[in-house]
Amino acid sequence: MQQFAVVATHSSSQSESEAGSATAVVQLLDAAGTALRPPIHVYGNGLAAIVAELEAGKPRWVFDSVHTWYPGLLAAGVRIERAHDISLVRAILHLAPYALPGPYLESITRLADPAHGAPAHLLPPARVSADQGELFSEPKDDTGALENVVAEFLAQRTAVPDTERGKRLGLLLAAESAGALIGAEMTHAGVPWDVAEHQRLLNEALGPRVAPGVRPPHMEELAGELRLLLGAPTLNPDSPAELLKAMNRAGIAVSNTRAWELAEIKHPVIEPLLAYKKIARLASANGHAWLERWVAEGRFRPEYIVGGVITGRWASHGGGALQIPHQVRSAVRADEGRLLVVADAAQLEPRILAALSRDTELATAARGKDLYQGIADAGFGGDRAHAKVAMLGAMYGATSGESGRLMPKLKSTYPRAVALVEWAAAQGESGAAVASFLGRGSPAAPEAWMRARTRASTDAEQRAVETEARSRGRFTRNFIVQGTAAEWALCWMGELRRRMNNLREAGDDPGELVFFLHDEIMLHVPAGRADEVVALVHESAQAAAELLFGKIPVDFPVSAVIVDSYDQAK
DNA sequence: CTCTATTGCGCG
DNA sequence: AAAGCGCGCAATAGAG
């Protein structure tokens, strides 16, 4: 029998600001939401022990936010298997087309109004009325208290209908909550970071370390060269405005200083300038200051913001975790006796589109490892580059250039897939919302946008409105694909975590998930278990596809490699 | 001084 | 070779 264990802040300690000493209360509920025993009051640091004890019964732990409660439990050595994250669920239900309308959804809409379309962690909690008969209508500001948490949890459960679509939504809510556990566990584990290797590569690129605020030697040398070549003795190449003026004065006709545009130009200053930009970026984004701020005890520990991206992808906070440049990946290195397993899904988004649209032709092209070659062979005379550009253009809404020209061919070869993304684009252009496969909704256009649309009178206003509409169309077009891909990835990690937990319960050490990047995962595992973990990674990918879509003829291959350091992967 | 916008570049 | 989507972060420049 499924049990729920609701954790809340003890209502008598609402005003305590020291989170470390805050007291908590735990309430066990049965599947119908009935209390199984009186609430357990926890004082001081006793929560971890209580959680560890109750975890034996495998309840689903209900938190107002996993992000605020779970790190402390992990620090105390306690892991849990299942959770329900009220804040994350609230954010999804707020925009979910499959959710049942009712007082709860109305209350979130009202409370969320100023933050329309805000990411999960910015929505305010729903609040219980002092008068229980008027649940969620007249808020009482006691948001962390047990009665509020229990009431909102039960309201969230009843907002999910018992229908086919409701089951999908339920899966999404469970997967999102599992994601919150995984995110906290990854922060706890940390990415293994070889500080000496990082310092070595900084030294190689920038020269010996200098005081903060001083330009590193190799940058200073290049800056001197740039000043000479441009005849600008005081130039600060870090200022785009100064650099632009200096280049124009030297007779180089550019309108901005972006590296890829500069690369087109033939002039002696370009080579040292691009070299400067390259190492300047390294120094400012991942230099010594970064290392000192974000790496401790050989671990990089970013925070993951689950559902932080509107499409359901994760965002991160701290150290630019989702943008670790290829340049420094040699510093991501397994501990002695351990190895990294790095896995990524091959061409995930077009495969998701094949599954979403039930396009059997595209599914056929997706059979096997190289989907783009499959498309190329089916309709682009074997030209893989063209096939790829056309497919990306369809998913992103490219209009101009190569991609636009190839669209008719793609459309005639895969009418169902292209029709789906074009439908999504049309929805967006009209101001309507769309949803991912499991039912994460996109925000609809704001009222003001709709009004401005009908009011546009002059030609210029009309054009601006159409440009805006097309932009929204590209967003909704991409949303259904990116959002569903994020769901697949969440299920992939969830399935993998479950399998690893099974091993751990059997007394083995399967290692840990330590990093996640949209369609890529990294595990830090005992050397002797790497092959076993690779097998679980593959198995989980197939399980995730079936969990989402059932048995369909679309392959979701992943490549998984065993390496010492991250730069050795792909 | 703090706050915000702009520019540019890293990642999928 | 970039474009079409989604982000975070650092440095600079300007506003208050």
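Cut-offs applied
Residues numbered from 1 in each chain as written. Chains lettered and ligands numbered in written order. Predicted model: local features only at pLDDT ≥ 70, side-chain atom pairs only at ≥ 80, totals over all residues. Heavy atoms only, no water. Near = heavy atom within 4 Å. Polar contact = N/O pair within 3.5 Å; in protein donor to acceptor, adjacent residues only side chain to side chain. Helix = DSSP H or I, 4+ residues; strand = E, 2+ residues; numbered from the N terminus. Nonpolar A, V, L, I, M, F, W, Y, C, P; charged D, E, K, R; others polar. Salt bridge = Lys/Arg side-chain N within 4 Å of Asp/Glu carboxyl O. Buried < 20%, exposed > 50% of the residue type's maximum accessible area, 1.4 Å probe, protein only. pLDDT = per-residue confidence, 0-100. Contact = heavy atoms within 4.5 Å. Domains from an automatic or database assignment. Buried area = accessible area lost by both parts, 1.4 Å probe. Pairing = 2+ DSSP bridges. Core = buried A, V, L, I, M, F, W, Y, C linked by side-chain atoms within 4.5 Å. Axes fitted to C-alpha atoms, helices over the stretch in contact; angles between N-to-C directions. UniProt positions renumbered as here; feature names shortened; annotations may be inferred. Phe/Tyr/Trp six-rings, centres within 6.5 Å; stacked < 30°, edge-to-face > 60°. Lys NZ or Arg CZ within 6 Å of the ring centre and 35° of its normal.

A. Looking closely at the protein's contact with DNA strand B. Taken together, 19 residues lie near DNA strand B, and Thr257, Ala259, Gln323, His326 and Asp519 sit nearest. Take the atoms of DNA strand B that sit within 4 Å of the protein: sugar and phosphate atoms are 79% of them. A distance of 2.7 Å is found between a phosphate oxygen of DNA strand B and a side-chain nitrogen or oxygen belonging to Thr257. Note that a sugar or linking oxygen of DNA strand B is positioned 3.3 Å from one of the side-chain N or O atoms of Arg329. Examining the composition of the surface near DNA strand B, we find that 3 residues originate from one element, helix H11 (residues 270-286), more than from any other. Its residues assigned to classes, the surface near DNA strand B shows 6 nonpolar, 6 polar and 7 charged.

B. Layout of the pattern of salt bridges. What the rule picks out here adds up to 26 salt bridges. For the salt bridge of Arg200 with Glu204, the shortest nitrogen-to-oxygen distance reads 2.9 Å. Taken as a pair, Arg200 and Glu204 lie in helix H7 (residues 195-206) at a separation of 4 residues, close to a single helical turn. With a relative accessible area of 57%, Glu204 lands in the exposed category. Among the salt bridges present, the one from Arg384 reaches Asp370, with a minimum N-O distance of 2.9 Å. Highlighted residues: Arg384 in helix H16 (residues 384-396) and Asp370 in the loop between helix H14 (360-365) and helix H15 (371-379), separated in sequence by 14 residues. The partly exposed category is assigned to Arg384, whose relative accessible area is 29%. The exposure class assigned to Asp370 is partly exposed, which follows from its relative accessible area of 30%.

C. Region of the structure containing the confidence of the model for chain A. A residue-level look at chain A finds 93% of positions with pLDDT of 70 or above and a mean pLDDT of 89. Segment residues 13-21: pLDDT under 50, and 8 contacts once partners within four positions in sequence are set aside and those in other chains are kept.

D. Layout of the protein's contact with DNA strand C. Taken together, 24 residues form the shell around DNA strand C, and within it Ser239, Gly318, Gln323, Arg474 and Phe475 come nearest. In DNA strand C, atoms within 4 Å of the protein come from the sugar-phosphate backbone in 75% of cases. Between Gln323 and DNA strand C, the recorded distance is 2.7 Å, taken from a side-chain N or O atom to a base nitrogen. One nitrogen or oxygen atom from the side chain of Arg474 is found 2.7 Å from a phosphate oxygen belonging to DNA strand C.

E. Main features of unusual backbone geometry. Positive phi, normally seen in glycine, also occurs at Lys58, with a value near 50°. Position of Lys58 among the secondary structure elements: in the loop between helix H1 (47-55) and strand E4 (60-63).

F. A look at the side chain of Asn286. Within the secondary structure layout, Asn286 lies in helix H11. Once residues lying within four places of it in the same chain are set aside, the contact partners of Asn286 are His198, Leu202, Arg281, Pro325 and Val328.

G. Broad picture of the domain arrangement of chain A. Taken domain by domain, chain A holds domain 1 (4-189), domain 2 (195-292), domain 3 (301-348 + 487-568) and domain 4 (350-481). Listed per partner, the contact involves 25 residues of domain 1 and 25 residues of domain 3. Contact with domain 3 buries surface across domain 1, with Ile182, Met186 and Thr187 losing the most and accounting together for 29% of the total. The partner of Arg497 in a salt bridge is Glu185, and the shortest N-O contact between them spans 2.7 Å. Taken together, domain 1 and domain 3 are joined by 8 residue pairs in polar contact (both at pLDDT 80 or more). Counting residues per element, the side of domain 1 that touches domain 3 draws most heavily on helix H6 (residues 164-189), which supplies 14 residues. Residues that form the side of domain 1 that touches domain 3 fall into these classes: 13 nonpolar, 7 polar and 5 charged.

H. Focus on the pairing of strand E11 (residues 338-345). Most of E11 is tucked away: 7 of the 8 residues are buried. The sheet contact formed by E11 and strand E14 (residues 558-563) spans 6 bridges and is antiparallel. Paired with Val342 across the bridge in E14 is Val561.

I. Broad picture of the nonpolar core. By size, the foremost hydrophobic cluster in this structure holds 161 residues, and its most contacted members are Trp193, Ile375 and Trp488. If one sorts the elements of this core by residue count, helix H20 (residues 459-505) sits on top with 13 residues. Setting aside residues no more than four positions away along its own chain, Trp488 makes contact with Ala345, Leu348, Ile352, Ala541, Ala544, Ala545, Leu548, Phe556 and Val558. Core analysis: the next-biggest nonpolar cluster, separate from the first, contains 11 residues, Val6, Val25, Ile86 and Phe153 among them.

J. Structural context of the sheet that holds strand E1 (residues 4-9). The 5 strands are arranged E3-E2-E1-E4-E5 in an open sheet whose pairing can be described as mixed. Strand pairing shows two members of the sheet lacking a second neighbour, strand E3 (40-42) and strand E5 (82-85), which therefore form its edges. Taking each pair of neighbouring strands and ignoring which way they run, the sheet shows an average axis angle of 25°. Sheet topology places E4 next to E5; 4 bridges connect them, and they run parallel. Along E5, the bridge assignment pairs Phe63 with Asp85. Most of the contacts of helix H5 (residues 146-158) go to E1, to which it runs at about 140°, and overall it touches E1, strand E2 (24-29), E4 and E5. Of the strands in this sheet, E4 and E5 touch H6, which is tilted by about 105° from E5.

K. Seen up close, the sheet that holds strand E7 (residues 295-296). On the basis of which strands lie adjacent, the open sheet formed by 3 strands has the order E6-E8-E7 and antiparallel pairing. What marks the edges here is a single partner per strand, and that holds for strand E6 (191-192) and E7.

L. Broad picture of the UniProt feature "domain: DNA-directed DNA polymerase family A palm" (unreviewed entry) in chain A. The feature "domain: DNA-directed DNA polymerase family A palm" (unreviewed entry), as annotated in UniProt, sits at residues 325-529 in this numbering. Helix makes up 60% of residues 325-529 and strand 10%, and the two end C-alpha atoms of the span are 28 Å apart.

M. Just the packing of aromatic side chains, in detail. As enumerated under the stated definition, the model contains 13 aromatic pairs in all. Measuring from ring centre to ring centre gives 4.8 Å for Trp314 and Phe516, while their planes differ by 80°; the resulting arrangement is edge-to-face. Highlighted residues: Trp314 in the loop between strand E9 (303-305) and strand E10 (315-317) and Phe516 in strand E12 (residues 512-516), separated in sequence by 202 residues. Each member of the pair Trp314 and Phe516 is classed as buried. The interplanar angle of 10° and the centroid separation of 6.1 Å between the aromatic rings of Phe549 and Phe556 together place this pair among those described as stacked. In this structure, Phe549 and Phe556 share a single accessibility class: buried. These aromatic residues form a ring-pair network of at least three members: Phe437, Trp488, Trp492, Phe549 and Phe556. Positioned above the aromatic ring of Phe437 is the side chain of Arg168, whose terminal nitrogen or guanidinium carbon lies 4.0 Å from the ring centre.

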